[in-house]
Amino acid sequence: MTTRVQTISEPVENSSSIFDLLGGEPGVRALVDRFYDLMDMEPDLKELRAAHGPSLDEARDKLFWFLCGYFGGPDHYIERFGHPRLRARHLPFSIGEIERDQWVTCIGRAMEDEGVAPALVERLLQSFYGVADWMRNREG
């Protein structure tokens, strides 16, 4: 007996990118702003905050520009800086397991605070954890 598997697809005009699901640029900006606000406020994120230096302004813009493209929206980051080269661009910063875990915790809290659907939060946290782990450049 042969089992036939049919693909499930939805028409392109009905599919949504993560960028769209988050509310486009205003939604991504709100998520990034909440992420950095939490980093600045929460004592359990102090190592992550310390890794960013005195001002978060440039980091806010760069993460916003990057996430717009990463989530399927405009490639603002690439237009300004070229290929993200994430690992190379993060090498000047000391990133260990603590910073990785705090980054993932912080973005998770920010997504929850911004009302991102739980299934999407879970999906994105898995992806973010992989990227954050890849950024580590020291033990601990």
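Nothing here was measured: the structure is a model prediction, and the numbers come from that model. (Residues numbered from 1 in each chain as written. Predicted model: local features only at pLDDT ≥ 70, side-chain atom pairs only at ≥ 80, totals over all residues. Heavy atoms only, no water.)

> Sorry, what's going on with the packing of aromatic side chains here?
Centre-to-centre distance and the angle between the planes together describe a pair of aromatic rings. According to the stated counting rule, one finds 10 aromatic pairs in the structure shown. Between F35 and W103, the ring centres sit 5.1 Å apart and the planes meet at 55 degrees, which makes this aromatic pair tilted. Taken together, the residues F35 in helix α2 (residues 24–41) and W103 in helix α7 (residues 97–113) connect sequence positions 68 residues apart. No difference in accessibility class separates F35 from W103, as the two residues are buried. Between W65 and F81 the ring centres are 6.0 Å apart and the planes differ by 40 degrees, which places this aromatic pair in the tilted class. In this pair, W65 is assigned in helix α4 (residues 57–70) and F81 in helix α5 (residues 76–81), connecting sequence segments 16 residues apart. The structure contains a cluster of three or more aromatic residues connected by ring pairs, namely F35, Y36, W65, F66, Y70, F71, Y77, F81, W103 and F128. For the cation-ring pair, K62 lies above F81, with the distance from its terminal atom to the ring centre recorded as 5.1 Å. (Phe/Tyr/Trp six-rings, centres within 6.5 Å; stacked < 30°, edge-to-face > 60°. Helix = DSSP H or I, 4+ residues; strand = E, 2+ residues; numbered from the N terminus. Buried < 20%, exposed > 50% of the residue type's maximum accessible area, 1.4 Å probe, protein only. Lys NZ or Arg CZ within 6 Å of the ring centre and 35° of its normal.)

> It is not clear to me how the pattern of salt bridges should be interpreted in this structure. Could you clarify?
A side chain with one charge may pair with a side chain of the opposite charge, provided their charged atoms come close. For the structure on display, the rule yields 13 salt bridges. Residues D37 and R60 are paired through a salt bridge, measuring 2.7 Å at the closest nitrogen-oxygen approach. With a gap of 23 residues between them, D37 in helix α2 and R60 in helix α4 connect regions that are remote in the sequence. Look at R60 and you get buried, because its relative accessible area is 15%. One salt-bridge network, in which partners are shared between bridges, spans R29, D33, D37, R60 and D61. (Salt bridge = Lys/Arg side-chain N within 4 Å of Asp/Glu carboxyl O.)

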